[in-house]
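Remarks on the overall topology
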Amino acid sequence: MTETPKKASNIRQAVDFGALVTFMAAYAVNRFARGLDGQEALVQATWVLVGASLIALIVGYVVERRLAPLPLLTGGFALIFGVLTIVFHDPNLLKIKLSIQNGLLAVVLLGSLPLNRYPFKYLLGEAIRITDAGWRGLTLRYGLYFAAVCIVNEIVWRTQSDDTWVAFRGGLWIASAVFGVWQVFFIMKHLIKDDEPAPVSPDTGL
């Protein structure tokens, strides 16, 4: 991986992390400082989510001179479900967004394996360059990860409090970062030429 893609990847990770922290901070302020209940605090924090998603897409375009497929997909989901949450004043729409987004990615990735097609290669853009065997293994790993996130999110938002779900959302970003670092060891085994892989987090936005 050249220096420019590395820099772009680092900037994108920083923007994504900053957006999540800002969202969680907005929830905490509305929930505990202003004394709103969990659902109302989530609706108010969603305004931050919509703004952060727009900024993330703009920054991604500025640093990469294009809209990378995976961040565009997740950013689009965040904008659509964020606006719906505000319009209908229903924070459950924001929670279920995580399930729909990850469930869709899981179905596409895992469903592509019997066809020997690797859409994850397209979704990651120019982030890494590996062999077809590497893409197959990476597609399986990320497909299973997205499926697991979908299932766990459904359990958490349907059975736990709003405070717990927000904490879960923050912990999920950390888990995704760890998962991305873990995949570097697999990617290195299948690298083409002398590229140096950067961690590819499966959590690219709120």
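Use the structure listed above.
First, a word on what this report is: a plain description of the structure on this page. None of these values were measured; they are calculated from a predicted model. (Residues numbered from 1 in each chain as written. Predicted model: local features only at pLDDT ≥ 70, side-chain atom pairs only at ≥ 80, totals over all residues. Heavy atoms only, no water.)

Re the pattern of salt bridges
Enumeration over the complete set of coordinates arrives at 3 salt bridges. Here Asp-163 and Arg-31 are joined by a salt bridge, their closest N and O atoms 3.0 Å apart. One end of the pair, Asp-163, is in helix H7 (residues 162–189); the other, Arg-31, is in helix H1 (residues 3–33), with 132 residues separating them in the sequence. Overall, Arg-31 belongs to the partly exposed group, its relative accessible area being 24%. Of the charged contacts, one joins Glu-154 and Arg-158 as a salt bridge, the two residues approaching to 2.6 Å between their closest N and O atoms. Placement of the pair is Glu-154 and Arg-158 together in helix H6 (residues 132–159), with a separation of 4 residues, close to one helical turn. (Salt bridge = Lys/Arg side-chain N within 4 Å of Asp/Glu carboxyl O. Helix = DSSP H or I, 4+ residues; strand = E, 2+ residues; numbered from the N terminus. Buried < 20%, exposed > 50% of the residue type's maximum accessible area, 1.4 Å probe, protein only.)

Considerations on helix H2 (residues 38–64)
The first and last C-alpha atoms of H2 sit 37 Å apart over 27 residues, in line with the 39 Å expected at 1.5 Å per residue. At Ala-45, H2 is bent by approximately 25 degrees, the largest bend along its length. Measuring from the side-chain oxygen of the N-cap residue of H2 to the backbone nitrogen of Gln-39 gives 3.2 Å; that N-cap residue is Asp-37. Count one or two residues on from H2 and you reach Arg-65, which has phi positive near 60 degrees. (Expected span 1.5 Å × (residues − 1). Bend = angle between axes of the 7 residues up to and from the residue. Polar contact = N/O pair within 3.5 Å; in protein donor to acceptor, adjacent residues only side chain to side chain.)

Remarks on the nonpolar core
Counting residues in hydrophobic clusters, the biggest one holds 37 residues, and the most contacted among them are Phe-120, Trp-135, Leu-138, Phe-146 and Trp-165. Secondary structure elements with two or more residues in this core: H1, H2, helix H3 (69–88), helix H4 (92–112), helix H5 (119–123), H6 and H7. Looking at this core element by element, the count peaks at 8 residues for H6. Look past the residues within four positions of Trp-165 in its chain and what remains in contact with it is Leu-42, Leu-94, Lys-95, Asn-153, Val-156 and Trp-157. (Core = buried A, V, L, I, M, F, W, Y, C linked by side-chain atoms within 4.5 Å. Contact = heavy atoms within 4.5 Å.)

So, the packing of aromatic side chains
Summed over the entire model, instances satisfying the criterion amount to 6 aromatic pairs. Between Phe-179 and Trp-182 the ring centres are 5.9 Å apart and the planes differ by 75 degrees, which places this aromatic pair in the edge-to-face class. With a gap of 3 residues between them, Phe-179 and Trp-182 both fall in helix H7, about one helical turn apart. Classification of Phe-179 by relative accessible area gives buried; the value is 12%. Of the aromatic side chains, those joined through ring pairs into one cluster are Tyr-142, Tyr-145, Phe-146, Phe-179 and Trp-182. (Phe/Tyr/Trp six-rings, centres within 6.5 Å; stacked < 30°, edge-to-face > 60°.)

Looking at unusual backbone geometry
Residues other than glycine seldom take positive phi values, yet His-89 does so here, at roughly 55 degrees. In this structure, His-89 sits in the loop between H3 and H4. Since its relative accessible area comes to 44%, His-89 is described here as partly exposed. Notably, Asn-116 is not glycine yet its phi reads approximately 55 degrees, a positive angle. Summarising the element assignment, Asn-116 is placed in the loop between H4 and H5.

What about H4?
Taking 1.5 Å of rise per residue, the 21 residues of H4 would be expected to cover 30 Å, and the 30 Å separating its terminal C-alpha atoms lies within 8% of that figure. What H4 keeps buried is the set Leu-94, Lys-95, Lys-97, Leu-98, Ser-99, Gln-101, Asn-102, Gly-103, Leu-105, Ala-106, Leu-109 and Ser-112.

A word on the side chain of His-190
By the element assignment, His-190 lies in the segment after H7. On the basis of relative accessibility, which here comes to 18%, the residue His-190 falls in the buried class. In contact with His-190, not counting residues within four places along its chain, are Arg-129, Ile-130, Thr-131, Ala-133 and Gly-134.

What about the side chain of Asn-102?
Among the secondary structure elements, Asn-102 is positioned in helix H4. The contacts of Asn-102, once residues within four sequence positions are left out, are Phe-146, Ala-147, Val-149 and Cys-150.

Concerning the environment of Ile-151
The topology assignment puts Ile-151 in helix H6. You can call Ile-151 exposed: its relative accessible area is 54%. In sequence terms Ile-151 and Gly-103 are 48 residues apart; their C-alpha atoms lie 8.2 Å from each other.

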